[in-house]
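Observations on the three-dimensional arrangement
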Amino acid sequence: MLSLHAATRRTAPARTGRRKSATPAPSSARIGLAIAGGGPIGAMYELGALRALDEALDGVDLTRMDCYVGVSSGAFLAAGLVNRMTTAEMCRIFITGDSDDVRFRPETFLRPAVFEYLRRASALPRLTFDWWASLLSPRESRLSDFMVRFGSVVPTGLFDNSEVERFLREIFSRRGRTNDFRKLERELFVVAVDLDSGEAVRFGGEDWRDIPISKAVQASAALPGLYPPVEVRGRHYVDGALRRTMHASVLLERGVDLLIGINPLVPFDSTKVDSDAGRQGDIDPHRIWQGGLPAVMSQTFRTLLQSRMQVGLAKYAQQYPDIDQLIFEPNANDGEMFFTNAFSFGNRRRLCQLGYRNTLQDLRKRAESLEPVLAAHGIRLRHDILEDRHRTVLTGLGTAPPRSTDTTAKLRRALDETEHLIRKRKRG
């Protein structure tokens, strides 16, 4: 599902059928990319959507956008792109597994937070002693206060996210990439929320550029209950989505001309699904409550996230009328996105393909209204890609690249930069 807000500064052209001849003019437009969170399934959907945009939009390089903002799992994708990791490279890492650079192990993201369990359990003897003492003088206020304090034994997260930080640190510290916001060629913002104040913090922004990118992504992806809060400068930070879904305003405030956003979590509309086709095991898609508390909580969470984002986008359309905004989301009747285990990596190829297919479909359906908007920024749609109904997210990957050393990878990166500068000069 594509939400399009066209800038009011541009008058609509006369409708003369499909604009196959729309020719983009050379443009110095500033383009920003905002990627929301959504756990592993959301990240894989977003990767598929990014791959579709990479192939179908001619005139835009996702690794050379003017600025990026990422939240939670979307922060890793944004950090990878700004580090010049292409969508093809990330597909090889997470989907095909034939990357010559990174070996992805799903268990890295699902390791139990053993030290958190032990740290919390160490307080149990003292609390037990206090409980026995309270029985000797059972006053309601003291007993109820003790029950509240007893909650401190419960771990703040199920999984250990320190390994996630290490994984990212290793990726961003080789082959010409960087784990330092200050060394990036383009602006990157990773948003997390200060648990003690409830305020959003923009890592990569002023006064926060010295924090390693891997640590910022770890903090932004610390979904309460699943991962423990991440300590930075003596404060504790959690998932940035607690404040806003996509934090697109970070880019709008910086004066971009075109905003491209991706949000992978939308509420599931069971009324638009055929019962037999959408049935998941013993669960009737028309009765979400049959899935128990996880299904009810998932629908609630998705509804809150999307409704909050829609309110924000409506406000942004009024506040920033001269900025074109394209927001890509799954279709409301995509039961596959809803019923898939939120922390299942086994279905990552299927979900990546779903994001790829949906995005190409959105571009194809809205081509007539999109072409003049994109042309204003020097971008055109590749109809040969859009019309290829048999195309998959893996079609354009080709054969796996040969094994290379860190030195040869840096050389390829330098040659790519040289070619980019030559093409840019020719267009200018």
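Residues numbered from 1 in each chain as written. Predicted model: local features only at pLDDT ≥ 70, side-chain atom pairs only at ≥ 80, totals over all residues. Heavy atoms only, no water.

**A few points about the overall build of the protein**
Across its full length, the protein holds 16 helices and 11 strands. Within the protein, the fraction of its 428 residues that count as buried is 49%. Long-range pairs, those at least 24 residues apart, make up 78% of the contacts in the protein between residues at least 6 apart in sequence. With an accessible surface of roughly 20900 Å², the protein has 54% of that area assigned to carbon and sulfur atoms. (Helix = DSSP H or I, 4+ residues; strand = E, 2+ residues; numbered from the N terminus. Buried < 20%, exposed > 50% of the residue type's maximum accessible area, 1.4 Å probe, protein only. Contact = heavy atoms within 4.5 Å. Areas by Shrake-Rupley, 256 points an atom, 1.4 Å probe, with all protein chains shown as cover.)

**Let's talk about the confidence of the model for the protein**
On average, residues of the protein score 82 in pLDDT, and 78% of them are at 70 or above. When mean pLDDT is taken per element in the protein, helix α8 (residues 213–220) scores highest with 97 and helix α10 (residues 275–278) scores lowest with 48. Scored below 50 in pLDDT, residues 11–22 makes 11 contacts in the model with residues more than four places away or belonging to other chains. (pLDDT = per-residue confidence, 0-100.)

**Brief notes about the nonpolar core**
Note on soluble globular proteins: their nonpolar side chains tend to be buried together. The biggest cluster of nonpolar side chains holds 82 residues, and the ones touching the most others in it are Phe94, Leu188 and Phe203. The dominant element in this core, judged by the number of residues it contributes, is helix α1 (residues 39–56), at 10 residues. Beyond its immediate sequence surroundings of up to four residues, Phe203 is in contact with Phe181, Leu188, Phe189, Val190, Ala192, Trp208, Ile211, Ala216, Ala219, Val232 and Tyr237. Of all hydrophobic cores here, the second largest spans 23 residues; its members include Ala34, Val256, Leu305 and Ile327. (Core = buried A, V, L, I, M, F, W, Y, C linked by side-chain atoms within 4.5 Å.)

**Concerning empty space enclosed by the protein**
A probe as big as a water molecule, rolled over the atoms, marks out the empty space that is left. Overall, the coordinates contain one cavity of 30 Å³ or more when judged by the stated rule. Within this model, the largest cavity holds a volume of roughly 30 Å³. Lining the largest cavity are Val266, Phe268, Arg302, Pro330, Asn331, Ala332, Asp334, Met337 and Phe338. Residues that form the lining of the largest cavity fall into these classes: six nonpolar, one polar and two charged. (1 Å grid on protein atoms, 1.4 Å probe; cavity = no way out; pocket = protein on both sides within 12 Å on 5 of 7 lines; lining within 4 Å. Points joined across faces, edges and corners; volume = space filled by probe spheres on them. Nonpolar A, V, L, I, M, F, W, Y, C, P; charged D, E, K, R; others polar.)

**What about α1?**
Between its first and last C-alpha, α1 extends 26 Å over 18 residues, near the 26 Å set by a 1.5 Å rise per residue. The element α1 is extensively covered by neighbouring structure, given that 16 of its 18 residues are classed as buried. (Expected span 1.5 Å × (residues − 1).)

**A closer look at the environment of Tyr320**
Secondary-structure assignment places Tyr320 in the loop between α11 (292–319) and β10 (324–328). Looking at Tyr320, the relative accessible area reads 16%, which means it is buried. Expressed as a C-alpha distance, the spacing of Tyr320 and Val256, which sit 64 residues apart in the sequence, is 10.0 Å. Contacts of Tyr320, omitting those with residues within four sequence positions, involve His5, Leu252, Glu253 and Gln325.

**Topic: the packing of helix α2 (residues 73–82) against α8**
Interhelical geometry of α2 versus α8 gives an angle of 155° and a closest axis separation of 8 Å. Comparing their axes, α8 and α2 come out roughly antiparallel. Judged by the sense of rotation from one axis to the other, the crossing of α2 with α8 is right-handed. Across the interface between the two elements, Ala75, Phe76 and Ala79 from α2 touch Ile213, Val217 and Ser220 from α8. The class makeup of the residues in the contact of α2 with α8 is five nonpolar, one polar and no charged. (Axes fitted to C-alpha atoms, helices over the stretch in contact; angles between N-to-C directions. Parallel < 35°, antiparallel > 145°, perpendicular 65-115°, else oblique. Left-handed = near helix turned anticlockwise from the far one by under 90°.)

**Section: the pairing of strand β5 (residues 187–194)**
Summarising burial for β5: seven of the eight residues are buried, a large majority. As paired elements, strand β4 (residues 67–71) and β5 share five bridges and run parallel to each other. Bridging from a neighbouring strand, Val71 pairs with Val191 of β5. Inspection of the sheet shows β5 paired to strand β6 (residues 200–203) by four bridges, in the antiparallel sense. Each bridged residue has a counterpart across the sheet, and for Val193 the counterpart in β6 is Ala200. Linking two consecutive strands that pair antiparallel, namely β5 and β6, is a turn of five residues; a positive phi of about 80° is found at Gly198 within it. (Pairing = 2+ DSSP bridges.)

**Some words on unusual backbone geometry**
Its identity as a non-glycine residue notwithstanding, Arg175 has a phi of 55°, on the positive side. Turning to its location among the elements, Arg175 is positioned in the loop between α7 (162–171) and β5. Phi at Arg233 is positive, roughly 55°, even though this residue is not glycine. The exposure class assigned to Arg233 is partly exposed, which follows from its relative accessible area of 48%.

**Focus: the side chain of Asp100**
Following the sequence through the fold, Asp100 ends up in the loop between α3 (87–96) and α4 (114–121). We classify Asp100 as buried; its relative accessible area is 12%. For Asp100, the residues in contact, after removing those within four places along its chain, are Arg175, Pro401, Pro402, Arg403, Ser404 and Arg412.

**A closer look at the pairing of β4**
Burial runs high along β4: five of the five residues are buried. Alternating positions in β4 separate into two faces, Cys67, Val69 and Val71 on one and Tyr68 and Gly70 on the other, with burial throughout. Bridge count for strand β2 (residues 31–35) against β4 is four bridges, and the pairing is parallel. In the sheet register, Leu33 faces β4, and the bridge partner there is Tyr68.

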